[in-house]
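# Coordinates in review
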Amino acid sequence: MIRGLQVALLTGVYALTLASLHPLDLALGALLSAAALGALRRFLAAGEPSAGGLGRRAVRFPAFAAAVALEVAKGVGEVTLAVLGVRPPTRADIVSVPFGERSANGVAVSALAVTLSPGEVLVDVDWDRRVMLVHVLDASDPEAVRARHRRFYERHQRGVFP
């Protein structure tokens, strides 16, 4: 039943995108929706045993997206101040940030969130040591960088992309 509802909702989005309720468009939309859900099933349910988990993740996503947007805004401010010479970076360097028990999808989302924010960029992921190597504009306190990333994951990301 949940699968049928998901296909129906995605088909509705497809119909709205096309601005058409023609039966052939709806049939194609349903076919594409079912195929997309089938292809993305493992990704959508990663780390969650039930559809209820996916629902909880969907409810938490807006707060996660807002937190990422806030981090991007902070990064823009820091880089702007550095470029203008108001607050030049004291020491740019690579910091190893442990990613602990995160799933592969969780590491990928963390890497994307890190790289979206100006002033930080993912350099590499060391799966053996379970750390992300992140180049940061101000690495004068590497432990503070690690703590910031750990807090962000625990508060915002873990409930959406574990």
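Residues numbered from 1 in each chain as written. Predicted model: local features only at pLDDT ≥ 70, side-chain atom pairs only at ≥ 80, totals over all residues. Heavy atoms only, no water.

### Remarks on the overall build of the protein chain
Operational definition: Each helix is a run of H or I in the DSSP string that is no shorter than four residues. Each strand is a run of E no shorter than two, and both are numbered from the N terminus. For the radius of gyration, the atoms used are the C-alpha atoms, and the globule rule reads 2.2 Å times the number of residues raised to 0.38. Burial here depends on accessible area, computed with a 1.4 Å probe over protein chains only, as a share of the maximum for the residue type. Under 20% is buried, over 50% is exposed, and the range in between is partly exposed. Here a residue-residue contact requires only that any non-hydrogen atoms of the pair lie within 4.5 Å.
If you tally the helices and strands in the protein chain, you get 5 helices and 3 strands. Listing each helix as α and each strand as β along the protein chain from the N terminus yields α-α-α-β-α-β-β-α. For 162 residues, the compact-globule formula gives about 15 Å, and the C-alpha radius of gyration of the protein chain, at 20 Å, lies well above that figure. When the backbone C-alpha atoms are referred to their principal axes, the protein chain occupies close to 60 × 35 × 25 Å. Taking all 162 residues of the protein chain together, 28% fall into the buried category. Of the contacts made within the protein chain by residues no fewer than 6 positions apart, 64% connect residues no fewer than 24 positions apart.

### Observations concerning the side chain of serine 110
Counting through the fold element by element, serine 110 comes out in helix α4 (residues 104–116). According to the relative accessible area criterion, serine 110 is buried, its value standing at 4%. In contact with serine 110, not counting residues within four places along its chain, are Arg102, Met132, Tyr153 and Gln157.

### Some details on the sheet that holds strand β1 (residues 93–98)
Filter applied, for reference: Two strands qualify as a pair provided that DSSP identifies no fewer than 2 bridges between them. Note on definitions: angles span 0 to 180 degrees between N-to-C directions of axes, and those axes are lines fitted to C-alpha atoms, for helices only across the stretch in contact.
Read from one edge to the other, the open sheet built from 3 strands follows the order β1-β3-β2, with strand pairing classed as antiparallel. Both edges of this open sheet fall to β1 and β2 (120–126), since each of them pairs with a single strand only. Strand-to-strand twist of the sheet, defined as the mean angle between neighbouring strand axes without regard to direction, takes the value 30 degrees. Pairing between β2 and strand β3 (residues 131–136): 6 bridges, direction antiparallel. Among the inter-strand pairings, aspartate 124 is bridged to a residue of β3, identified as leucine 133. Contacting β1, β2 and β3, helix α5 (residues 142–157) runs over the sheet at an angle of about 45 degrees to β1.

### A closer look at the nonpolar core
Test applied: Only buried residues count toward a nonpolar core. Its members are Ala, Val, Leu, Ile, Met, Phe, Trp, Tyr and Cys residues joined through side-chain atoms within 4.5 Å.
Counting 11 residues, the largest nonpolar core is built from Val95, Val97, Phe99, Val107, Val114, Val125, Met132, Val134, Val136, Ala139 and Val145. Those elements giving two or more residues to this core turn out to be β1, α4 and β3. Counting residues per element, this core draws most heavily on β3, which supplies 3 residues. Leave out the neighbours within four places in its chain, and valine 125 touches Phe99, Val107, Val131 and Met132. Formed by 8 residues, the second largest nonpolar core is a distinct cluster that contains Ala67, Val68, Ala113 and Phe161.

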